[in-house]
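Residue strings, one per chain:
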Protein chains: 2
Amino acid sequence: MILDMNKPIYSVIAAATIDGRIAAHAWQFTGWTSKEDKDFLHKILDQSDVVLVGNNTYKTAREPLSKRNCVVLTRSVRGVVLKREGLVYLNPKNVNLKRYIKDKGFKRVVVLGGTQTFTYFLEKRMIDEIYLTIEPLVFGKGLNLFETKKSRIWNFKLVSVKRLNKKGSLLLHFKA
Amino acid sequence: MILDMNKPIYSVIAAATIDGRIAAHAWQFTGWTSKEDKDFLHKILDQSDVVLVGNNTYKTAREPLSKRNCVVLTRSVRGVVLKREGLVYLNPKNVNLKRYIKDKGFKRVVVLGGTQTFTYFLEKRMIDEIYLTIEPLVFGKGLNLFETKKSRIWNFKLVSVKRLNKKGSLLLHFKA
């Protein structure tokens with residue numbers, strides 16, 4: 001196999017509870033996660049070329065994302081709209097996102113959520129790796145990482161496990 | 001603190017995908033999990049005094065549970081009905097389950113699911129520990145570990161992490 005070094009790497013970055021919820025409700029940002037998870041998130045964002053994020057998640061994270069190079073995935077625009085330097089709105093229904101990312105020369109692509117965005121990349125088989133922090137708590141309800149109507153199984157491999165703190169926030173790294 | 005040595009220990013035993021699903025659909029038993037997870041499950045069941053299981057889960061697991069001491073939680077009976085030696089149907093709406101377990105002298109109680117049963121024990125704060133195997137795959141839909149209408153957070157502590165096999169099935173142990 002010849003690796004295409006020009007191929008961008010798509011990394012899903014998410015935090016979930018023991019029961020697999022990424023948020024207790026739609027308007028909750030990742031503020032509920034541990035300090036150590038936030039530190040990891042910032043480190044990954046610092047290393048990335050671009051952040052892909054759904055419009056709802058972007059709204060809850062506007063401030064922390066303000067200094068990042070962002071592509072907001074949304075149906076609120078027809079194609080690609082440059083909102084300001086470093087902020088693009090893009091409708092993936094009408095624009096070939098994969099080609100857009102490649103044309104821009106982005107190599108390290110972080111997919112930040114939420115559910116709808118994560119599911120888009122899952123269904124398109126565009127996820128190269130998943131960094132999932134599991135916080136040791138239970139919401140018992142809320143949003144799942146993925147929500148598809150397709151009936152199939154996607155296999156990953158666990159690459160590493162890291163305990164982030166004393167209470168036991170766990171960082172799992174999977175590859176497709 | 002004086003530990004009540006007579007207090008039964010309630011252990012939730014579950015397996016989930018990366019995206020927190022315990023099954024892709026309601027009629028799926030835990031047959032999708034790794035051999036190593038099944039070995040662990042059998043070991044835990046061997047050490048337990050009684051298995052508490054919802055009626056739906058029991059139906060999908062009738063054969064593997066046939067030699068276990070089971071209490072099936074169901075609204076199909078009014079109170080407690082002894083179906084045969086080692087198999088009791090019990091309606092937790094009308095019977096004090098906690099007292100029943102204590103009166104029977106059960107010490108090691110395994111809660112096997114599904115979602116409705118897990119949620120019952122979560123809401124009643126009857127979960128002492130959770131053993132959760134995370135299999136490195138994604139269903140993208142299906143049943144969650146818990147499904148409550150209550151708005152609160154339940155905190156746990158991570159006790160241990162064990163990698164079960166090469167592909168990376170992970171056994172997590174949490175305590176309340």
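Note that the structure is predicted; figures quoted are calculated from it, not measured. (Residues numbered from 1 in each chain as written. Chains lettered and ligands numbered in written order. Predicted model: local features only at pLDDT ≥ 70, side-chain atom pairs only at ≥ 80, totals over all residues. Heavy atoms only, no water.)

1. A short note on the interface of chain B and chain A
Where the parts come together, the accessible area they lose is often given as the size of the interface.
Then, number 1: Tallying the contact residues gives 36 residues for chain B and 36 residues for chain A.
Then, number 2: Both faces combined, the contact of chain B with chain A buries some 2900 Å², and carbon together with sulfur accounts for 61% of it.
Then, number 3: Per-residue buried area on chain B facing chain A is highest for B:I18, B:V138 and B:L158; these three make up 20% of the total on that side.
Then, number 4: Put simply, chain B and chain A have two salt bridges between them.
Then, number 5: B:E147 is the partner of A:R21 in a salt bridge, and the nearest nitrogen-oxygen pair spans 3.2 Å.
Then, number 6: Here chain B and chain A share 19 residue pairs in polar contact (both at pLDDT 80 or more) between them.
Then, number 7: Mapped by element, the contributors of at least two residues to the side of chain B that touches chain A are β8 (129-135), β9 (137-138), β11 (154-155), β12 (157-163) and β13 (170-175) of chain B.
Then, number 8: In terms of residue class, the side of chain B that touches chain A is built from 19 nonpolar, seven polar and 10 charged.
Then, number 9: Sheet topology places strand β11 (residues 154-155) of chain A next to β9(B); two bridges connect them, and they run antiparallel. When the sheet's bridge partners are listed, A:N155 is paired in β9(B) with B:L137. (Contact = heavy atoms within 4.5 Å. Buried area = accessible area lost by both parts, 1.4 Å probe. Salt bridge = Lys/Arg side-chain N within 4 Å of Asp/Glu carboxyl O. Polar contact = N/O pair within 3.5 Å; in protein donor to acceptor, adjacent residues only side chain to side chain. Helix = DSSP H or I, 4+ residues; strand = E, 2+ residues; numbered from the N terminus. Nonpolar A, V, L, I, M, F, W, Y, C, P; charged D, E, K, R; others polar. Pairing = 2+ DSSP bridges.)

As far as function goes, none of this settles anything; it's purely spatial.
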